[in-house]
Amino acid sequence: MNSLRVFFVGGVISYRALFNWLRPEIYIPTMLGSPIFQIVFFAKLGDYAGVENDAFFVVGNALQVSAMAGIYGMTMTIANERYFGTLSALLATPAPRLALFLGRAVPLIANGLLISVFGFAVGTLLLDFVLPATGLPGLGVILLVTAFACTSFGLLLGSIGLRARDVFFISNLVYFLMLLLCGVNIRPEALPGWMQSISYALPLTRGIEAARGVVIGGRPFADVAPLVWGELGVGLAYAVGAYVLFRFLEVEARRRGTLETY
């Protein structure tokens, strides 16, 4: 019961405390304005180049923008605890570490879902894109799994913040590399072999492929389920890796006395 309370209540309170700058006048242009321009830009660029239709770019970019909340949000969740000097007090509590930090991921997963749904709405309203009603249930599952995978990856990057001085540079670099490698605007099979290997080791790639199969290809969810399971597996692997890395760096920081040293 205590772990559940830490997981849900602690996560929500942390989100409100660390992200109190997310007022509507800031949240809307930052978290919702950016996806509008990204989706429209790549769709129009693709139309001009004649490589793919609007639906291809809407699906890819609408899923990719969920990584904005997952990667940046989780990075800030841990890095800001360290920056504001609350990390040592937090780690001094007997609260279960797994519940403590995975609970902080729940609001960010919800935020990623909201941004993705908004991205699909933008594509429907502004571009030549129609979201088939029959594909909505399967797409909802894909969005949830992809948002979870991106947030788990962000948790891993955030854990690096226990040691790195500028973890935000790393998160920026990774976010934009995912735009190139994960099939958002370029099919993975068009990339060199070594890039394809990296692509399928990252979140998003399988989720985008599954979403395109349901939305554009009209395939039943059962046909793309292996891709969804693969995306879930990637997310779980990053979540486990993040927890192990965090615990290791926590022990090392305590031993060296560098928990809040920059």
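Reading the values: the criteria
- The written sequence of each chain sets the order in which its residues are numbered from 1.
- Side-chain atom pairs in this predicted model are given and counted only at pLDDT of 80 or more, local residue features only at pLDDT of at least 70, and totals for whole chains, interfaces and linings cover all residues.
- Water and hydrogen atoms were dropped before computing side-chain values, which therefore reflect all heavy atoms in the structure.
- Under the scheme used here, helices are H or I runs from DSSP no shorter than 4 residues and strands are E runs no shorter than 2 residues, and both carry numbers assigned from the N terminus.
- Helices are assigned an expected span. That span is 1.5 Å times one less than the residue count.
- To sort residues, take the accessible area from a 1.4 Å probe on protein chains only and compare it with the maximum for the residue type: under 20% means buried, over 50% means exposed, and anything in between is partly exposed.
- By convention, a stacked pair of Phe, Tyr or Trp rings (six-membered ring in the case of Trp) has centres within 6.5 Å and planes under 30 degrees apart, an edge-to-face pair has planes over 60 apart, and any other such pair is tilted.
- To define a nonpolar core, start from buried Ala, Val, Leu, Ile, Met, Phe, Trp, Tyr and Cys residues and group those joined through side-chain atoms within 4.5 Å.
- Contact between two residues is taken to exist if any of their heavy atoms lie within 4.5 Å; hydrogens are not considered.
- Salt bridges are counted wherever a side-chain nitrogen of Lys or Arg sits within 4 Å of a carboxyl oxygen of Asp or Glu.
- Using a grid of 1 Å spacing that covers the protein atoms alone, one calls a set of points a cavity when a 1.4 Å probe fits there but cannot get out, and a pocket when the set is open and has protein on both sides within 12 Å along at least five of seven lines; lining residues are those with an atom within 4 Å of a point.
- Grid points are joined across faces, edges and corners, and a volume is the space filled by probe spheres set on the points.
- Note that Gly is not counted as nonpolar here; it falls among the polar residues with everything else outside the nonpolar set of Ala, Val, Leu, Ile, Met, Phe, Trp, Tyr, Cys and Pro and the charged set of Asp, Glu, Lys and Arg.
- Lines fitted to C-alpha atoms define the axes, with helix axes restricted to the stretch in contact, and inter-axis angles between N-to-C directions lie between 0 and 180 degrees.
- Working definition: roughly parallel below 35 degrees, roughly antiparallel above 145 degrees, roughly perpendicular at 65 to 115 degrees, and oblique for all remaining angles.
- The crossing is said to be left-handed when, going from far helix to near helix, the turn is anticlockwise and less than a right angle, and right-handed when the turn is clockwise.

Topic: helix 7 (residues 105-126)
The terminal C-alpha atoms of helix 7, which comprises 22 residues, lie 31 Å apart, in line with the 32 Å expected from a rise of 1.5 Å per residue. Turning to helix 7, its buried residues number three or more, namely Ala-105, Pro-107, Leu-108, Ile-109, Asn-111, Gly-112, Ile-115, Ser-116, Gly-119, Phe-120, Val-122 and Gly-123.

A short note on the packing of aromatic side chains
Enumeration according to the criterion identifies 6 aromatic pairs in this entry. Note on Phe-41 and Phe-42: the rings are 5.1 Å apart at their centroids and 80° apart in plane angle, and the pair reads as edge-to-face. Seen in terms of ring centroids, Phe-56 and Phe-57 are 5.2 Å apart; in terms of plane orientation they differ by 85°. Their pairing is edge-to-face. In terms of burial, Phe-56 and Phe-57 fall into one category: buried.

Considering the nonpolar core
Counting 63 residues, the largest nonpolar core has Leu-63, Phe-120, Ile-142, Phe-153, Met-178 and Leu-204 as its most contacted members. No other element matches helix 8 (residues 136-160), which puts 9 residues into this core. With residues near it in sequence (within four places) discarded, Leu-204 still touches Leu-63, Gln-64, Ala-67, Thr-146, Cys-150, Met-178, Cys-182 and Glu-231.

What to know about the pattern of salt bridges
Working definition: two side chains of opposite charge can pair if their charged atoms are close together. Overall, the coordinates contain 1 salt bridge when judged by the stated rule. Two residues, Glu-52 and Arg-187, come together in a salt bridge whose shortest N-O distance is 3.1 Å. Note that Glu-52 is positioned in the loop between helix 2 (24-49) and helix 3 (54-64) and Arg-187 in the loop between helix 9 (167-181) and helix 10 (193-199), a separation of 135 residues in sequence.

Considering empty space enclosed by the protein
Evaluation of the coordinates by the stated rule reveals 1 cavity of 30 Å³ or more. In terms of lining, the largest cavity is formed by 10 residues, of which the most central are Phe-101, Leu-155, Ala-242, Tyr-243 and Phe-246. When residues of the lining of the largest cavity are traced back to their parent elements, those giving at least two are helix 6 (97-102), helix 8 and helix 12 (221-256). Counted by class, the lining of the largest cavity contains 8 nonpolar, 1 polar and 1 charged residues.

Observations regarding unusual backbone geometry
The phi torsion at Leu-204 lies on the positive side, around 90°, for a residue other than glycine. For Leu-204, the location among the structural elements is in the loop between helix 10 and helix 11 (205-215). Accessibility expressed as a relative area gives 0% for Leu-204, which makes it buried.

Regarding the packing of helix 7 against helix 8
For the pair helix 7 and helix 8, interaxial distance at closest approach is 9 Å and the crossing angle is 130°. One finds that helix 7 runs oblique with respect to helix 8. The crossing of helix 7 and helix 8 is right-handed. On helix 8, the residues touching Ala-105, Leu-108, Ile-109, Leu-113, Ser-116, Val-117 and Phe-120 of helix 7 are Leu-139, Leu-143, Leu-144, Ala-147, Phe-148 and Thr-151. Within the contact of helix 7 with helix 8, the residues separate by chemical class into 11 nonpolar, 2 polar and no charged.

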